[in-house]
Structures are given as C-alpha cells and as structure tokens.
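Here's the letter readout for the chains.
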Amino acid sequence: MNIVVCLKQVPDTTEVKIDPKTGTLVREGVPSIINPDDKNALEEALVLKENVGAKVTVISMGPPQAEAALREAIAMGADEAILISDRAFAGADTLATSNALAGTLRKLDYDIIFAGRQAIDGDTAQVGPEIAEHLGIPQITYVEKVSVEEDSLKVQRAWEDGYEVVSVKTPVLLTAIKELNSPRYMHMANIFEAVKKEIKIWSANDIDVDKSLLGLSGSPTKVKRSSTKEPKGQGEIVILQPKEAAAHAVSKLKMKHYI
Ligand code: FAD
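It should be emphasised that the depicted structure is a prediction, and the values quoted were computed from it without experimental measurement.

Asker: Looking at this model, I keep getting lost on the overall build of the chain. Mind explaining?
Answerer: Helix and strand content of the chain: six helices and 13 strands. Projected onto the principal axes, the alpha-carbon positions of the chain cover approximately 65 × 40 × 40 Å. A total of 259 residues make up the chain; the buried ones form 40% of that total. Once the 31 positive and 37 negative side-chain charges of the chain are each reduced to a mean point, those two points are 6 Å apart.

As structure tokens, then:
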C-alpha cells in the first residue's frame, strides 16, 4: 500500500503576533511546527504501515525551511519526503495550492492520501477536498477512525452529534481530525536517519500540472483588506475574595444581559 500525507508547516499560533501597523502576521522569530491535524494524518499512516504494511511518503509545498517539518515526519517514521518549492508557487491561494499538490500526487503512486482537516494558519479546510476533486477520487472528511477491510477501507466520519461509517475503495483522500489518534513522538533511531535522509526538492517543472494554475496567476482569491480586532475595552481589575469576585462577575454579566 502506498500512502501519501500532505503536511503543512505552520507558525506555532500560540506565539504568533500581529503587527498592528500592517495587520500581517509577525513571522520573524516565531517557531514553526507541523500543522496539528497533519500530525494526526501522519500518525494514522504510520499505524497502517505497522498493521498492514505500507510505504509512507510525506509531501509539502512551502519555502526551503519547510524541510524541517519533513525531517520531523521522517523521524516519526515516514519513509520518504518531497518538498515542492519554487517561486512559481508564491502567492498561491487554496486552489493554486491544491493544484500544486495534486500535480505532485500525479507523479506518485498512492492508495490513500491523507491531509489534515484544516491548517491552523489558513484555516479554510479547503485544500484536502480540492486535491481529491483535481484527482477525481473520492474523499472522506472529518475522519476519526480507519480500518482496512480486504479491498476497501472502513472509515468513521465525525458529525457534530454522532458519526457516519463509510466503506470506500481506494484510491481515496481522507482528512484527519484530532480525535483520530494521538501522534507519536519522534523515534530516537529515526532522528539520526532523518538528519541524513535526502529530502527531494521538486520545482514546478517536476510536477504534472498546467503551470497557469499555480501561484498568483492560478489564484482567483483576491484579499482586499485584512485587519485585526481592536480590544473591546480596558477590562476591570477587581481585588476581592474568590466568592465575592465570582458574584461581582455574575452581576456584570447580568447587567449586560449575557446571562
Ligand atoms: P487548509 O485547507 O485548512 O489545509 C487542509 C490540509 O491541506 C492541511 O491540513 C494539509 O494536510 C494540507 N495542506 C494545506 N496546505 C499545504 C501545503 N502548503 N503543503 C502540504 N499540505 C498542505 N501562503 C503563502 O505561504 N505564501 C503566499 O504567498 C500566499 N499567498 C496567498 C495569497 C492569497 C490571495 C491567499 C488567499 C492565500 C495566500 N496564502 C499564501 C495562503 C495559502 O493560500 C494557504 O496557506 C494555503 O492555500 C493552504 O490553505 P489553508 O492554510 O487554509 O489550508
């Protein structure tokens, strides 16, 4: 079985700051991490590798420093990593991003493609489903359980108030949510391998896609304006015993008709 995991390197959002003058993310000095849902996607691929045997390839579109995320994936147990990195991808919206990733996948063998449900920086949850559409394969989103049955997969898909069990033949794209599993830590033996391992770097010329669908020219989304929310007020500091402080907070909330 060949499994490909789409993995995005994102800023560690608990530490991200917005520049109040420009309204853009301050990325300097902000640590990067593997997008959390993508770690769940990778973990499930590794579980399937252990249980039924599989080659796990991780792919990412990003700048050269995204290589670090791919090395971490190798240290967790992935077999191969490909970074697609090229100026031609710059300015990509979700459609152009998914076209670049689909173009990469056309060059690979896959039975299962895993993506995270959504990235914590872009937050659109569009890229996984768009890839499936470009490749013309079925997709199952919000995946919280996967098992292999003879020639198909049994997949449990989360709903707000329940779940749905779907049987699907491969090739298929699944988007992972955090309920799927608990991602493992990097394995000590794999860390040494990850340092030495060759990460393949592919350019726009190495993938199978119409180049007009990439980067800014392939992006129909135009961002007109972005802004950050102003704090609503100064807040109020009260120095009271816990009981009185709680009563004070309740009376304030009642006054504003929140409760
Ligand atoms: P989601 O759709 O929420 O992600 C779902 C899943 O898809 C992820 O969990 C992951 O598995 C997979 N995935 C998503 N992105 C990647 C990736 N890059 N590699 C591998 N897997 C992935 N971003 C830039 O970095 N540079 C730019 O110049 C830039 N310009 C933009 C211009 C416009 C007009 C817009 C709208 C966006 C731009 N972005 C840019 C942001 C970029 O489009 C998104 O970060 C990207 O498309 C992914 O969307 P998302 O974060 O909402 O991912």
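Asker: Teacher, can you tell me more about the site of the ligand here?
Answerer: Around the ligand, the structure places 29 residues, and the nearest of them are Cys-6, Lys-8, Asp-38, Ala-92 and Thr-124. Here an oxygen atom of the ligand and a side-chain polar atom of Lys-8 are 2.6 Å apart. At 3.4 Å from an oxygen atom of the ligand is found a main-chain nitrogen or oxygen belonging to Asp-123. In isolation the ligand has 940 Å² of accessible area, and contact with the protein removes 77% of it. Classifying every residue of the shell around the ligand by side-chain character gives 11 nonpolar, 12 polar and six charged.

Asker: It is not clear to me how the packing of helix α2 (residues 67–76) against helix α5 (residues 188–196) should be interpreted in this structure. Could you clarify?
Answerer: Two measures define how a pair of helices packs: the angle their axes make with one another and the distance between the axes. Two elements in contact, α2 and α5, have axes separated by 7 Å at closest approach and are oriented at 140°. Both α2 and α5 take part in a crossing whose hand is right-handed. Across the interface between the two elements, Arg-71, Ile-74, Ala-75 and Met-76 of α2 pack against Asn-190, Ile-191, Ala-194, Val-195 and Lys-196 of α5.

Asker: Would you take a moment to explain the sheet that holds strand β10 (residues 152–159) for this structure?
Answerer: Strand pairs in the sheet, formed through backbone hydrogen bonds, run parallel or antiparallel to each other. The sheet built from nine strands is open, its strands ordered β11-β10-β9-β12-β8-β1-β6-β7-β13 with mixed pairing. Edge positions in the sheet fall to β11 (162–169) and β13 (200–202), since each of these pairs with one other strand and no more. For this sheet the average axis-to-axis angle between neighbouring strands, irrespective of direction, equals 30°. With three bridges connecting them, strand β1 (residues 2–6) and strand β8 (residues 112–116) associate as parallel partners. Note on β8: the bridge partner recorded for Val-4 is Ile-113. Each of β6 (55–61), β7 (80–84) and β13 touches α2; the most contacted strand, β7, lies at about 165° to it. Across the face of the sheet, helix α4 (residues 127–135) comes into contact with β1, β8, β9 (139–149) and β12 (172–176) while running at roughly 180° to β12.

Asker: Please explain the side chain of Asp-37 as it appears in this structure.
Answerer: Take Asp-37: it is sitting in helix α1 (residues 36–52). Those residues in contact with Asp-37, other than ones at most four positions away along the chain, are Gly-116, Arg-117, Gln-118, Ala-176, Ile-177 and Lys-178.

Asker: Sorry, what's going on with the pattern of salt bridges here?
Answerer: Between side chains of opposite charge, a pair can form as their charged atoms come close. For the structure shown, the criterion picks out 13 salt bridges. Residue Glu-43 pairs with Arg-184 through a salt bridge whose shortest N-O separation is 2.8 Å. Highlighted residues: Glu-43 in helix α1 and Arg-184 in the loop between β12 and α5, separated in sequence by 141 residues. Lys-169 is the salt-bridge partner of Asp-151, the closest N and O atoms lying 3.2 Å from each other. On the criterion of sequence distance, the pair formed by Asp-151 in the loop between β9 and β10 and Lys-169 in strand β11 is long-range, its members being 18 residues apart. Residues joined in a network through salt bridges with shared partners are Glu-43, Glu-50 and Arg-184.

Asker: Sorry if this is basic, but what is going on with α4 here?
Answerer: Two residues of an α-helix separated by three or four positions point the same way, owing to the 3.6 residues in each turn. If you check which residues of α4 are buried, you get Gly-128, Pro-129, Glu-130, Ile-131, Ala-132 and Leu-135. On the buried face of α4, the contacting elements are β1, α3 (94–105), β8, β9 and β12. Following α4 by one or two positions, Gly-136 has its phi on the positive side, about 70°.

Calculation criteria
Residues numbered from 1 in each chain as written. Predicted model: local features only at pLDDT ≥ 70, side-chain atom pairs only at ≥ 80, totals over all residues. Heavy atoms only, no water. Helix = DSSP H or I, 4+ residues; strand = E, 2+ residues; numbered from the N terminus. Buried < 20%, exposed > 50% of the residue type's maximum accessible area, 1.4 Å probe, protein only. Lys, Arg positive; Asp, Glu negative; His and termini not counted. Charge placed at Lys NZ, Arg CZ, Asp CG, Glu CD. Near = heavy atom within 4 Å. Polar contact = N/O pair within 3.5 Å; in protein donor to acceptor, adjacent residues only side chain to side chain. Areas by Shrake-Rupley, 256 points an atom, 1.4 Å probe, with all protein chains shown as cover. Nonpolar A, V, L, I, M, F, W, Y, C, P; charged D, E, K, R; others polar. Axes fitted to C-alpha atoms, helices over the stretch in contact; angles between N-to-C directions. Left-handed = near helix turned anticlockwise from the far one by under 90°. Contact = heavy atoms within 4.5 Å. Pairing = 2+ DSSP bridges. Salt bridge = Lys/Arg side-chain N within 4 Å of Asp/Glu carboxyl O.

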